[in-house]
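# Residue-level structure breakdown
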Amino acid sequence: MSATTGLPPYDDSNIFAKILRGEIPSRRIHEDDHAVAFHDINPQAPVHVLVIPRGRYVSLADFSAQASDAEIAGFWRAVGRVARELGLEGSGYRVLSNMGPEGGQEVPHFHVHIFGGKRLGRMVPATER
Ligand code: AMP
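Residues numbered from 1 in each chain as written. Predicted model: local features only at pLDDT ≥ 70, side-chain atom pairs only at ≥ 80, totals over all residues. Heavy atoms only, no water.

## Side note on the layout of surface pockets
Of the voids in this model, the largest pocket is the one considered here, and its volume is about 890 Å³. Around the largest pocket sit 31 residues that line it, and Asp40, His48, Asn98, Glu106 and His113 are the ones nearest its centre. Sorting the residues of the lining of the largest pocket by element identifies helix H1 (15-20), strand S2 (35-39), strand S3 (47-53), helix H4 (100-103) and strand S5 (112-116) as the ones contributing at least two each. The residue makeup of the lining of the largest pocket, split by class, is 15 nonpolar, 12 polar and 4 charged. Approximately 180 Å³ is the volume attributed to the second largest pocket. Here the residues of the lining of the second largest pocket are counted per class, giving 6 nonpolar, 1 polar and 3 charged. (1 Å grid on protein atoms, 1.4 Å probe; cavity = no way out; pocket = protein on both sides within 12 Å on 5 of 7 lines; lining within 4 Å. Points joined across faces, edges and corners; volume = space filled by probe spheres on them. Helix = DSSP H or I, 4+ residues; strand = E, 2+ residues; numbered from the N terminus. Nonpolar A, V, L, I, M, F, W, Y, C, P; charged D, E, K, R; others polar.)

This is the structure:
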């Protein structure tokens, strides 16, 4: 377990690590020193983009505790820049990040989703527990 997250430690074989290393392809729309953005392979909205830090972080708690100020600033600036460059600022959009099992996180490399291009509905759909 990671001390900062309670989640398993970072796993270099996760799919976003492979994307960062260029071992599998992605439809990149932005990259800089701290962040990479690419289209989600299974889009849940007309616009569905993922933004990931280049560093090895499992979750937001991990990222916010371990990343440098430059990495944190660079990452969030990239999220805002990508949303703006996708033309979503006028129509609106949603930024979402899943963490751990109950958050529904599938890929254990910290990332945010940017959804847009339609009216997005309820923030959290009701589900059976
Ligand atoms: P999460 O449930 O927040 O961990 O979301 C992981 C996201 O990664 C899902 O929306 C997947 O569709 C997406 N995904 C998985 N593999 C790839 C890939 N090779 N390229 C782009 N997106 C991917």
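## Here's the deal with the site of the ligand
Lining the immediate environment of the ligand, one finds 15 residues, of which Asp40, Asn98, Glu106, His111 and His113 sit closest. Contacts to the ligand include Gly104, whose backbone N or O atom sits 3.0 Å from an oxygen atom. Side-chain polar atom of His111 to an oxygen atom of the ligand: 2.7 Å apart, as the coordinates give it. Computed on the free molecule, the ligand has an accessible area of 510 Å², of which 88% lies beneath the protein chains in the complex. Put simply, the ligand lies in the largest pocket. (Near = heavy atom within 4 Å. Polar contact = N/O pair within 3.5 Å; in protein donor to acceptor, adjacent residues only side chain to side chain. Areas by Shrake-Rupley, 256 points an atom, 1.4 Å probe, with all protein chains shown as cover. Sits in = over half its atoms within 2 Å of the grid points.)

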